[in-house]
Amino acid sequence: MEQLIKNNPNCADCEDTEICGVNMQLGIFLCEKCSLVHQKLLKMLIRSVQDIFQEEEISFLSQKGNNKINLNLMKNIMPWTVNLKQNDFPQVREWMAEAKYIHQIFAREAFRQQIVHDLTKSWYYLDEVTREITRIRGPYPRHAIKKLIDEEKFLFKDGFVWHPAFGIKWMLVEKVLEIISPKPNMSDQVLQDAFMRKLNWQSYPYPHLRGYLDIIWKNTQVRKWVVILDRQVSLFSSNMQTSNAEISIKIEDVTDLSLVQFETKISIRIDANETFLFYSVKVDEIIEWYHALSSCRYLIHNLGNDYPSLEVDNTELHICNVKNSEDYVGDKIHEGFLKKQGLKYKTSRNRWFILRTDYVFWYANKNDKNYKNFLKITSSTNVDDKDLIDPKDSKPSFHFKISNSKRNLHMWAESQSEKDLWIEKFTNAINGIKERETENTIYTW
Ligand SMILES: [Zn+2]
């Protein structure tokens, strides 16, 4: 056992140096606090390292170990992911244990794209390389490109160049100049690595969150509609008013971003020109915000001016997209006018429908922010495409019905193709919920 502890000197979850317990199911070594979480929350068999172990137990443990399991379960940890070394809070420890062992969110393939092209060896295509005409030239090997730039014959810095490693994008020559025409003292490997890192960061989803949060600001408690978009965090008095922010925090101005304990809750402390505390009773909601904020800060730091502006749907700015929030209603899937039968009176009216991953809402008018009503979509929601033929002229009326245990929703489209599209979208939404239920996943950035 002594030898085993020497081989596993730090706790598998928090890197604490005092090993107290052994997880006998996974074969990993833990500190006292993490042992308790594994025992109580994960319901794993934990034994003290002081115990007497059988020979076969020792042999099992020596085949497992912390490195082995972390290599697999922590494969896709992000630089901005919370870690227990810096955030020694019971709530974060429990969140981490669930995320790591039950949902295994760090074991999955992340958003990273695999880039296999060697920038130094392959060929480049040029676009818009002459002032007069636009056409694609090439492919050229890199030394030829360098010559073209040096001679300023027909490759200009504001032209575009494409290489398989750039993905689908044509890159501005200026932006990739150091790659296509490196300085003599830079080795190809250094260049390649730097560029790959940059491409890698560019393949992450850029954070954009919208939702209500409780905030402590200037010693008062306020509830604000918070939007993370591009390079800033904006605070609004309500989600009905998202044009002029009351307060804007530039991510570049943030000097400290950390999790702290506030009363009994975990909260995010943001030090910019002022100090803000963002908190919620839901730990997973706060961690989702924390990851969005810290990834935003990290990516801006690494990408500099290449951190892009996001194209967002302005009509969605008042809708919560924080997946762990009580207010989350799902992302927009489909929208359009449909005729709908009233619930009280059996007359039909034209309504604007928005189908989201978890709900369908309807509005009196297209651009309304306040909905008339909604129906929750669940895995047992039923789609019935049976048409109700108008008895007077026996023409199809493009009717369909959505129902759950509480309510039937009768709708009429304008045409067969419109009806088919709605039915397809509703069916996809229901299947998506079924998939999520079996996957039992939690979400974070
Ligand atoms: Zn630990």
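Remember, predicted model here, so these are calculated numbers, not experimental data. Sequence order sets the numbering: in each chain, residues are counted from 1 along the sequence as written. Residues qualify for local features only when their pLDDT is at least 70, as the model is predicted, and side-chain atom pairs are given and counted only at 80 or more; totals for whole chains, interfaces and linings, by contrast, use all residues. The basis for every side-chain value is the complete set of heavy atoms in the structure, and neither hydrogens nor water enter the calculation.

Caption draft 1: How the structure looks around the coordination of the zinc ion. For Na, K and Ca the donor cutoff is 3.2 Å, while for all other metals N, O and S atoms must lie within 2.8 Å; water is not among the atoms, so some sites may look incomplete. The zinc ion binds to the protein through Cys-11 (SG), Cys-14 (SG), Cys-31 (SG) and Cys-34 (SG); the donor distances cover 2.2 to 2.3 Å. Of note is the zinc ion, whose 4 donor atoms meet at the metal with angles of 104 to 116 degrees in an arrangement that counts as tetrahedral. Site description for the zinc ion: donor spacing in sequence, C-x2-C-x16-C-x2-C. With Cys-14 in the loop between helix 1 (2-7) and strand 1 (21-23) and Cys-34 in helix 2 (residues 32-40), the pair connects residues that are 20 residues apart, well separated along the chain. Considered together, Cys-14 and Cys-34 belong to a single accessibility category, that of buried residues. Here a site with four donors is tetrahedral if all angles are between 85 and 135 degrees, and a site with four or six donors is square planar or octahedral if opposite donors are over 155 degrees apart and the other angles are between 65 and 115; anything else gets the irregular label. Starting at the N terminus, helices and strands are each numbered in turn, a helix being any DSSP run of H or I of at least four residues and a strand any DSSP run of E of at least two. Throughout, exposure labels follow a simple rule: accessible area from a 1.4 Å probe, protein chains only, divided by the maximum for the residue type, with under 20% read as buried, over 50% as exposed, and the rest as partly exposed.

Caption draft 2: Region of interest: the pairing of strand 17 (residues 359-363). Among the 5 residues that make up strand 17, 5 are buried, leaving the element largely enclosed by the rest of the structure. Residues Tyr-359, Phe-361 and Tyr-363 of strand 17 are buried on one face, and the alternating residues Val-360 and Trp-362, pointing to the opposite face, are buried as well. Paired strands, as defined in this entry, are two strands with at least two bridges between them according to DSSP. Note that strand 16 (residues 348-356) and strand 17 share 4 bridges and pair antiparallel. Counted as the bridge partner of Trp-352 is Tyr-363 from strand 17. Connecting the antiparallel pair strand 16 and strand 17 is a turn made up of 2 residues. Of the strand pairs in this sheet, strand 17 and strand 18 (residues 373-376) are connected by 4 bridges, and their pairing is antiparallel. Bridge assignment links Phe-361 to a residue of strand 18, and that residue is Phe-374.

Caption draft 3: Spotlight on helix 5 (residues 90-102). For helix 5, built from 13 residues, the straight-helix expectation of 18 Å at 1.5 Å per residue is met to within 8% by its first-to-last C-alpha distance of 17 Å. Of all the residues in helix 5, the buried ones are Gln-91, Val-92, Arg-93, Trp-95, Met-96, Ala-97, Ala-99, Lys-100 and Tyr-101. A positive phi of about 50 degrees marks Gln-104, the residue just after helix 5. Expected span of a helix, by definition, is 1.5 Å for each gap between consecutive residues, and there is one gap fewer than residues.

Take it as geometry only, folks, not as evidence of what the structure does.
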